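# Report on the structure
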Amino acid sequence: MSEYFKDIIYKEEIDSTNTYLLDNLFADRTIVYSFNQNAGRGRLDRVWNNIAGKNLALSICFLKPQINPIWFTAAIALALIETLESYGIASAWIKWPNDVYTDNGKIAGILTEGQWTSGINMKSVTGIGININADRNDLSMIDKKTTSVFLETGRSIDIKKFTEKFIEYAAKYLRMADIKSIEQLKKYWIDHSKVVGKNAVLSDIYRGSEKIYGKVEYIDNDGYLYFNDGADVFKVVTGDINII
Ligand code: BTN
């Protein structure tokens, strides 16, 4: 497998691949993955559901990263989009800032977390949960429109092969998450973010999570989204966007 990653660790079962990398010492660019993550965490303190044996949970740690960690999220989302394309799923897009969707619903979520000391980012961990072989019944417990590679292609997927392919594409895009090629990565990310120009409803945690109706104007070069609520265009740092 790719030389980009220093180590690739498989776990039969794990609580959370993100927590494992955050709580223990590993070389820069170590991957931990499992098909049975029993206490997965999502953004904004949500739970990431486990469907044992059917889905992938994979995290990567970056020691003292020099770039804004949003670009790790972006690289991982783009790696998944290219992996999905290789399985004939051409319709995947990024729902700012960290979800990957097809037109049938959410197929993956990404969580990037960091450990900071005196203003220095000591460690970033980016984890992705991908619905691979989950069927309708497995996904029925999730309260939003959700899909999987199985549902998109109509065939059962060799989860190990899928993971290997995804890791290759992850290396390709993470190599771009570097000062020298970041402009290219930004362009790809913005090109695949379907929310730009769309009417949407925003829940912004800095605004008490109230629902705000309006339009997504653009995503800037630092990865922030600008939202027009009809009176004002303002920057959204952390929030949820849903196209309406
Ligand atoms: C979200 O949609 O809110 C983000 C979900 C992120 C889930 C992944 S699965 C691998 C890694 N380990 C975790 O505990 N969470 C992330």
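These notes cover the structure that comes with them. (Residues numbered from 1 in each chain as written. Predicted model: local features only at pLDDT ≥ 70, side-chain atom pairs only at ≥ 80, totals over all residues. Heavy atoms only, no water.)

### Here we look at the overall build of the protein chain
Secondary structure assignment for the protein chain yields six helices and 14 strands. Projected onto its principal axes, the C-alpha coordinates of the protein chain cover approximately 50 × 45 × 30 Å. Excluding contacts between residues fewer than 6 apart, the proportion of contacts in the protein chain whose partners are at least 24 apart in sequence is 59%. Summed over all atoms, the accessible surface of the protein chain reaches about 11,400 Å², with 48% contributed by carbon and sulfur. Seen as two clouds, the 29 positive and the 31 negative side-chain charges of the protein chain have centres 2 Å apart. (Helix = DSSP H or I, 4+ residues; strand = E, 2+ residues; numbered from the N terminus. Contact = heavy atoms within 4.5 Å. Areas by Shrake-Rupley, 256 points an atom, 1.4 Å probe, with all protein chains shown as cover. Lys, Arg positive; Asp, Glu negative; His and termini not counted. Charge placed at Lys NZ, Arg CZ, Asp CG, Glu CD.)

### A closer look at helix α5 (residues 159-176)
Residues separated by three or four positions in an α-helix point in the same direction, a consequence of the helix having 3.6 residues per turn. With 18 residues, α5 extends 26 Å between its outermost C-alpha atoms, agreeing within 8% with the 26 Å of an ideal straight helix rising 1.5 Å per residue. All of the buried residues along α5 are Ile159, Phe162, Thr163, Phe166, Ile167, Ala170, Ala171, Tyr173, Leu174 and Met176. (Expected span 1.5 Å × (residues − 1). Buried < 20%, exposed > 50% of the residue type's maximum accessible area, 1.4 Å probe, protein only.)

### Some points on the site of the ligand
Around the ligand there are 21 residues in total, and Ser16, Gln37, Arg41, Arg43 and Lys106 lie nearest to it. Note that a nitrogen atom of the ligand is positioned 2.7 Å from one of the backbone N or O atoms of Arg41. Between the ligand and the protein, one listed contact pairs an oxygen atom with a backbone N or O atom of Arg43 at 2.7 Å. Across the complex, the protein chains shield 98% of the 420 Å² of accessible surface that the ligand would expose by itself. The set of elements that each furnish at least two residues to the shell around the ligand consists of α1 (17-23), β3 (40-41), β5 (55-63), β8 (105-117) and β9 (120-131). (Near = heavy atom within 4 Å. Polar contact = N/O pair within 3.5 Å; in protein donor to acceptor, adjacent residues only side chain to side chain.)

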